[in-house]
Amino acid sequence: MARVTFSNPDGAPKPASRYSQAALIEGEGKRLVISGQVGVAPDGTPVADPVAQIDQALANLGAILAAHGMAPANIVKMTVFLTDTALISAWRGKRDAFMGGHAATSTLLVVAALASPAFKVEVEAEAVA
């Protein structure tokens, strides 16, 4: 039977409400399910600039992967939510740099809003090892 461990690793912001940043599923190999990451620094400080929010969301994602012994190359599925189509080009360039040539499955959605009006980008992912 698989063992599930939920976590809020150092290097990523602590959730403001009741959810976990990651769920590690272990058994035959490991599967990591990561909650949506937004432009909030590990100390809880929100990032104002929308393009800088992309950087911070990816940094948070990287910190969670690293805390579980994984890297962007372990990502099998990524979903991104943007609130402005003008951010698509910036998102794609920064995602490509973060992924380092790894081409996981990906879904991009443009939505009216996220959990806070200040958030312009949210990235969630699943990874395996």
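The rules behind these values
- Residues numbered from 1 in each chain as written.
- Predicted model: local features only at pLDDT ≥ 70, side-chain atom pairs only at ≥ 80, totals over all residues.
- Heavy atoms only, no water.
- Core = buried A, V, L, I, M, F, W, Y, C linked by side-chain atoms within 4.5 Å.
- Buried < 20%, exposed > 50% of the residue type's maximum accessible area, 1.4 Å probe, protein only.
- Helix = DSSP H or I, 4+ residues; strand = E, 2+ residues; numbered from the N terminus.
- Contact = heavy atoms within 4.5 Å.
- pLDDT = per-residue confidence, 0-100.
- Expected span 1.5 Å × (residues − 1).
- Polar contact = N/O pair within 3.5 Å; in protein donor to acceptor, adjacent residues only side chain to side chain.
- Pairing = 2+ DSSP bridges.
- Axes fitted to C-alpha atoms, helices over the stretch in contact; angles between N-to-C directions.

1. Re the nonpolar core
Leu32, Leu61, Leu65, Ile75, Trp91 and Val123 are the most contacted members of the largest nonpolar core, which has 24 residues in total. Listing elements by their share of this core, those giving two or more residues are β2 (22–27), β3 (29–37), α1 (50–67), β4 (75–82), α2 (88–99) and β6 (121–128). When residues of this core are assigned to their parent elements, the largest contribution, 6 residues, is made by α1. When sequence neighbours within four positions are dropped, the list of residues in contact with Leu65 reads Leu32, Ile34, Met70, Ala71, Pro72, Ile75, Phe98 and Ala127. Residues Val38, Val40, Leu114 and Phe119 belong to the second largest nonpolar core, which totals 5 residues.

2. Details of the confidence of the model for the protein chain
The predicted model of the protein chain averages 94 in pLDDT, with 99% of residues at 70 or higher. Across the protein chain, the secondary-structure element scoring lowest on mean pLDDT is strand β1 (residues 3–7), at 86, and the one scoring highest is α1, at 98.

3. Things to note about α1
End to end, α1 covers 26 Å across 18 residues, agreeing with the expected 26 Å (1.5 Å per residue, within 8%). Inspection of α1 places Gln53, Ile54, Gln56, Ala57, Leu58, Asn60, Leu61, Ala63, Ile64 and Leu65 among the buried residues, and these make up the whole buried set. Two or three places before Val51, at the start of α1, stands the capping residue Asp49, its side-chain oxygen 3.2 Å from that residue's backbone nitrogen. Positioned one or two residues after α1, Gly69 has a phi angle of 70°, which is positive.

4. Focus on the sheet that holds β1
Spatial ordering of the open sheet is given by β1-β2-β3-β6-β4-β5, a layout of 6 strands whose pairing is mixed. The two strands at the open ends of the sheet, each matched to only one other strand, are β1 and β5 (105–110). Each strand axis lies, on average, 10° off the axis of its neighbour in the sheet, ignoring direction. Against the sheet, α1 makes contact with β2, β3, β4 and β6, and its axis sits at roughly 155° relative to β3, the strand it touches most. On top of the sheet, α2 reaches β4, β5 and β6; it is set at about 155° to β4, its chief contact.

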